[in-house]
Amino acid sequence: MTNTSVSVLGLGEMGSVLAAALVRAGHPTTVWNRSPGKADALVDLGATAATTARDAVTAGDVVVACLFDAASVHEVLDPIAGLLTGRTLVNVTSTTPDQAREIAGWAVEHGITYLDGGIMAVPSMIGQPGSSVLYSGSAAAFEQCRPLLDLWGDSTYFGEDPGLASLYDFALLSGMYVMFAGFLHGAAMVAGAGVSATEFAGRAAPWLSAMTGGFAGFAAVVDGGDYTVAGQQSLEFSDLGDMVEASAAQGISTEVIGVVQNLIRRQVDAGHGKEGFARIIESIKHPG
């Protein structure tokens, strides 16, 4: 698809770098953004700026939407849905799985081939090692567009269900945000002792990186469904009561670790204290 014409709708930081990667690879690229001025650097690079979304869509065989949210996708594309008929829409706007499925259904109604994408990278990573984009929806579109998609990062296809890419996206991001919150909680704990966040980060990064090696073990226990397997740290031993108390003594919020403590206590109170820490997934899966 070296000469495939592509239109990129939405030129925020992410949309701009996606478009730039296409231009550098030789794809005729038309760009559009609701507010003016953001296309200038891309035009200097070789892109064509469209004054309207309508003009942009008609210029591309593949249309990439990198907009604010699901509502903005409809706001921009609904009035020009007929122009998208027969084209491929690659939507990398962040949406919930159900929103992705709804947009996919809308696309089918209008004869649009739909591929949903979840970008697992920050803008500076696009096209670099470590960048990956998750896709679901039309298998034919994924295969046809694969050379184009691979310009942005490692491309992985999860199947015809258009909601799967965003499900994986949000699931992975949930791990990231909870980890970041844990780091910031720790930084807040030591701040009162005069420790800078920078110094704490230097110690936290290798520790947390090493701890990710435990994911496979937790996964094996969860998939096996037996939380009594030998070698696990028990829920009773994992009790975070002292950590909650120490945090409160520093005058900081206990909300972050309090959430984990509540998950632990629910299982202990239900009689599972001797079982492994991985069992807190049951508290997450069954919130009632």
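Treat the numbers as computed from the prediction; the structure is a model and nothing was measured.

Novice: Honestly, the pattern of salt bridges in this entry has me stumped. Any pointers?
Specialist: One side chain can pair with another of opposite charge once the charged atoms of both are near each other. Applying the stated rule across the entire model yields eight salt bridges. Here Glu 75 makes a salt bridge to Arg 34, at a shortest N to O gap of 3.4 Å. Of this pair, Glu 75 sits in helix H4 (residues 70-77) while Arg 34 is found in the loop between strand E2 (29-32) and helix H2 (40-45), placing the two residues 41 residues apart along the sequence. Across the salt bridge formed by Asp 150 and Arg 146, the nearest N and O atoms sit 3.0 Å from each other. Judged by relative accessible area, which is 36%, Asp 150 ranks as partly exposed. A relative accessible area of 27% places Arg 146 in the partly exposed class. Among the charged side chains, a network of salt bridges with common partners joins Asp 98, Arg 101 and Asp 161.

Novice: What is the right way to look at the side chain of Asp 169 in this model?
Specialist: Tracing the backbone through its elements, the reader meets Asp 169 in helix H8 (residues 164-191). Among buried charged residues, Asp 169 stands out as having no salt bridge; its nearest opposite-charge side chain is Arg 101, 13 Å away. The residues contacting Asp 169, other than those within four sequence positions of it, are Gly 118, Ile 119, Met 120 and Leu 134.

Novice: Before we go on, may I ask you to explain the packing of aromatic side chains in this structure?
Specialist: In this description, a pair of aromatic rings is defined by centroid distance and the angle of the planes. In the structure shown here, the tally under the stated rule is five aromatic pairs. Ring geometry for Phe 142 versus Tyr 157: centroids 5.0 Å apart, planes at 25°, classification stacked. Here Tyr 157 lies in strand E8 (residues 154-157) and Phe 142 lies in helix H7 (residues 139-149), a separation of 15 residues in the sequence. Here Tyr 157 falls in the partly exposed class, since its relative accessible area comes to 26%. On the numbers, 6.0 Å between centres and 50° between planes, the contact of Phe 218 with Phe 277 is tilted. Taken together, the residues span a long stretch of sequence, with Phe 218 in helix H10 (residues 215-224) and Phe 277 in the loop between helix H12 (255-272) and helix H13 (280-285) at a distance of 59 residues. On the accessibility criterion, Phe 218 (40% relative accessible area) is partly exposed.

Novice: Teacher, can you tell me more about the packing of H8 against helix H9 (residues 197-211) here?
Specialist: For any two helices packed against each other, the geometry is given by the interaxial angle and the distance between the axes. Direction vectors running N to C along H8 and H9 enclose 135°, while the axes themselves pass 10 Å from each other. Considering the angle they form, H8 stands oblique to H9. Relative to H9, the crossing made by H8 is right-handed. The segment H8 lies against H9, with Met 179, Phe 183, Gly 186, Ala 187 and Val 190 engaging Ala 197, Phe 200, Ala 201, Ala 204 and Leu 208. For the contact of H8 with H9, a count of residues per class yields nine nonpolar, one polar and no charged.

Novice: Can you help me understand a nonpolar patch on the surface in this one?
Specialist: On the surface, Tyr 177, Met 179, Phe 180, Trp 207, Leu 208 and Met 211 cluster together into a nonpolar patch covering about 630 Å² of accessible area. Of note, Met 211 is situated in helix H9.

Novice: Please explain the state of the cysteines as it appears in this structure.
Specialist: Two cysteines, two sulfur atoms, one covalent bond between them: this is a disulfide. Summed over the entire model, instances satisfying the criterion amount to zero disulfides. Looking at the unpaired Cys 66, the closest cysteine sulfur is the one in Cys 145, lying at 16 Å. Classification of Cys 145 by relative accessible area gives buried; the value is 1%.

Novice: Looking at this structure, I do not really get the nonpolar core. What am I missing?
Specialist: Of all hydrophobic cores here, the largest spans 31 residues; its most connected members are Leu 149 and Trp 152. For this core, the secondary-structure elements that each account for two or more residues are strand E1 (6-9), helix H1 (13-24), strand E4 (62-65), strand E6 (113-120), strand E7 (132-137) and H7. Counting residues per element, this core draws most heavily on H1, at seven residues. Apart from the residues lying within four places of it in its own chain, the contact partners of Trp 152 are Leu 18, Ala 21, Leu 22, Val 64, Ile 126, Gly 127, Ser 131, Val 133 and Tyr 135. The next biggest cluster of nonpolar side chains, apart from the first, holds 23 residues, and it includes Ala 53, Ala 56, Ala 65 and Val 73.

Novice: Looking at this structure, I do not really get H12. What am I missing?
Specialist: Its 18 residues give H12 an end-to-end C-alpha distance of 24 Å, which sits within 8% of 26 Å, the value for a rise of 1.5 Å per residue. All of the buried residues along H12 are Ile 257, Gly 258, Gln 261, Leu 263, Ile 264, Gln 267, Val 268 and His 272. Elements in contact with the buried residues of H12: H8, helix H11 (241-249) and H13.

Novice: Whenever I open this one, the environment of Ala 140 confuses me. Can you help?
Specialist: For Ala 140, the position within the fold is in helix H7. For Ala 140, a relative accessible area of 57% gives the class exposed. Between the alpha carbons of Ala 140 and Glu 160 there is a distance of 9.7 Å; along the sequence they are 20 residues apart.

Novice: I keep staring at the sheet that holds E4 and nothing clicks. Help me out?
Specialist: With mixed pairing, the eight strands of this open sheet are ordered in space as E3-E2-E1-E4-E5-E6-E7-E8. This sheet does not close on itself; its edge strands, each paired only once, are strand E3 (48-49) and E8. Bridging between strand E5 (residues 88-91) and E6 involves four bridges; their strand directions are parallel. Across the sheet, residue Val 90 finds its bridge partner in E6, namely Leu 115. In the packing of H7 onto the sheet, the strands contacted are E1, E4, E5, E6, E7 and E8, and the crossing angle to E8 comes to about 175°.

So, how was this worked out
- Residues numbered from 1 in each chain as written.
- Predicted model: local features only at pLDDT ≥ 70, side-chain atom pairs only at ≥ 80, totals over all residues.
- Heavy atoms only, no water.
- Salt bridge = Lys/Arg side-chain N within 4 Å of Asp/Glu carboxyl O.
- Helix = DSSP H or I, 4+ residues; strand = E, 2+ residues; numbered from the N terminus.
- Buried < 20%, exposed > 50% of the residue type's maximum accessible area, 1.4 Å probe, protein only.
- Lys, Arg positive; Asp, Glu negative; His and termini not counted.
- Contact = heavy atoms within 4.5 Å.
- Phe/Tyr/Trp six-rings, centres within 6.5 Å; stacked < 30°, edge-to-face > 60°.
- Axes fitted to C-alpha atoms, helices over the stretch in contact; angles between N-to-C directions.
- Parallel < 35°, antiparallel > 145°, perpendicular 65-115°, else oblique.
- Left-handed = near helix turned anticlockwise from the far one by under 90°.
- Nonpolar A, V, L, I, M, F, W, Y, C, P; charged D, E, K, R; others polar.
- Patch = residues over 30% accessible without salt bridge, like charges linked within 9 Å, V, L, I, M, F, W, Y side chains within 5 Å.
- Areas by Shrake-Rupley, 256 points an atom, 1.4 Å probe, with all protein chains shown as cover.
- Disulfide = S-S within 2.5 Å.
- Core = buried A, V, L, I, M, F, W, Y, C linked by side-chain atoms within 4.5 Å.
- Expected span 1.5 Å × (residues − 1).
- Pairing = 2+ DSSP bridges.

By themselves, these are just geometric observations and shouldn't be taken as functional.
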